[in-house]
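Here is how the chains run, residue by residue.
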Amino acid sequence: MDQQFTLPYNLETLNINNSLFYNIHLRCPENLVKFYLNTKSLLDMSILKNCSNLTDITIEKSPNILNGKVLTELDSLQTIKLDNYAPIWLTAKELSSLVKSDFDPNINLVSIARTFDNYVIQLMNDNKYLPMDRIIELASNFVLNKYSYNDAKYPILYSDDYQSPSLSAIHSHNATGIEYSTLFLALANRMNIPACIMYDDQ
């Protein structure tokens with residue numbers, strides 16, 4: 001779906017909720033003040049790079065984010081609300097830079113991201129010079145060997161208190177199919193391996 005969604009001039013609030021568009025063009029990025037995102041689609045945060053007046057960001061239930069580091073470079077940002085999907089595409093260092101105070105809920109996400117960071121350190125310790133296909137194979141095997149499969153968890157995926165695939169797997173030490181995929185995506189993002197999760201409704 002190579003479609004570009006061009007936004008109107010003078011747009012101050014952008015709310016993307018379950019959109020299939022992933023190629024978004026802001027005509028006047030300096031006018032954007034508030035940004036809300038909840039989508040399974042692949043979306044590059046570089047679209048926010050020139051949003052010099054962006055003060056409020058909320059990103060929820062969005063696993064397929066590219067260049068999340070851009071969020072750490074927005075000087076005008078005052079409030080950012082993230083959930084347990086953010087450590088999939090932000091490292092512990094990047095998340096730490098977004099924490100505004102000791103009472104910031106985002107601070108709890110840093111430890112999750114650090115778990116993924118440490119996985120990559122373990123994985124790449126003696127393997128950094130391997131070809132890409134071999135690294136992908138090692139990352140896949142690492143996730144499969146780290147977590148046992150548990151299909152009994154599937155009903156939990158649709159409950160109101162389900163937080164995110166990656167967090168659920170970390171806490172329970174077992175995983176379903178989507179949780180394996182999410183864990184691999186978190187590793188791939190940290191190793192600069194192009195990857196995304198495709199859903200049935202995309």
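Residues numbered from 1 in each chain as written. Predicted model: local features only at pLDDT ≥ 70, side-chain atom pairs only at ≥ 80, totals over all residues. Heavy atoms only, no water.

1. Section: the nonpolar core
One broad trend across soluble globular proteins is that nonpolar side chains are buried collectively.
So, step 1. In this structure, Phe35, Met45, Leu48, Ile57, Leu71 and Leu82 are the most contacted members of the largest nonpolar core, which totals 60 residues.
So, step 2. In terms of residue count, helix α3 (residues 107-124) provides more of this core than any other element does, 9 residues in total.
So, step 3. Setting aside residues up to four positions removed in sequence, Phe35 forms contacts with Leu14, Ile16, Leu43, Met45, Leu48, Leu54, Asp56, Ile57 and Thr58. (Core = buried A, V, L, I, M, F, W, Y, C linked by side-chain atoms within 4.5 Å. Buried < 20%, exposed > 50% of the residue type's maximum accessible area, 1.4 Å probe, protein only. Helix = DSSP H or I, 4+ residues; strand = E, 2+ residues; numbered from the N terminus. Contact = heavy atoms within 4.5 Å.)

2. Re unusual backbone geometry
So, step 1. Of note, Asn10 is a non-glycine position whose phi angle comes to about 60°, a positive value.
So, step 2. The residue Asn10 is located in the loop between β1 (4-7) and β2 (13-17) in this model.
So, step 3. By relative accessible area, which is 59% here, Asn10 ends up exposed.

3. Let's talk about the environment of Leu71
So, step 1. Counting through the fold element by element, Leu71 comes out in the loop between β7 (65-66) and β8 (79-82).
So, step 2. In this structure, the C-alpha to C-alpha distance between Leu71 and Glu94, residues 23 residues apart in sequence, is 8.7 Å.
So, step 3. Every residue in contact with Leu71, bar those within four places of it in the chain, is listed here: Met45, Leu48, Ile57, Ile59, Leu77, Ile80, Trp89 and Leu98.

4. Considerations on the pattern of salt bridges
So, step 1. Counting across every chain of the model gives 3 salt bridges.
So, step 2. For the salt bridge of Arg190 with Asp117, the shortest nitrogen-to-oxygen distance reads 2.6 Å. Residue Arg190 is found in helix α6 (residues 177-190), and its partner Asp117 is found in helix α3; the two are separated by 73 residues along the sequence.
So, step 3. For Asp117, a relative accessible area of 16% gives the class buried.
So, step 4. Its salt-bridge partner being Arg134, residue Glu137 comes within 3.3 Å of it at the nearest N-O pair. (Salt bridge = Lys/Arg side-chain N within 4 Å of Asp/Glu carboxyl O.)

5. Overview of the packing of aromatic side chains
Centre-to-centre distance and the angle between the planes together describe a pair of aromatic rings.
So, step 1. Counted by the stated rule, this structure contains 3 aromatic pairs.
So, step 2. Here the aromatic rings of Tyr149 and Tyr180 are separated by 6.4 Å at their centres, their planes lie at 10°, and the arrangement is stacked. With Tyr149 in strand β9 (residues 148-149) and Tyr180 in helix α6, this pair connects stretches of sequence that are 31 residues apart.
So, step 3. Joined through ring pairs, the aromatic side chains of Phe116, Tyr119 and Phe142 make up one cluster. (Phe/Tyr/Trp six-rings, centres within 6.5 Å; stacked < 30°, edge-to-face > 60°.)

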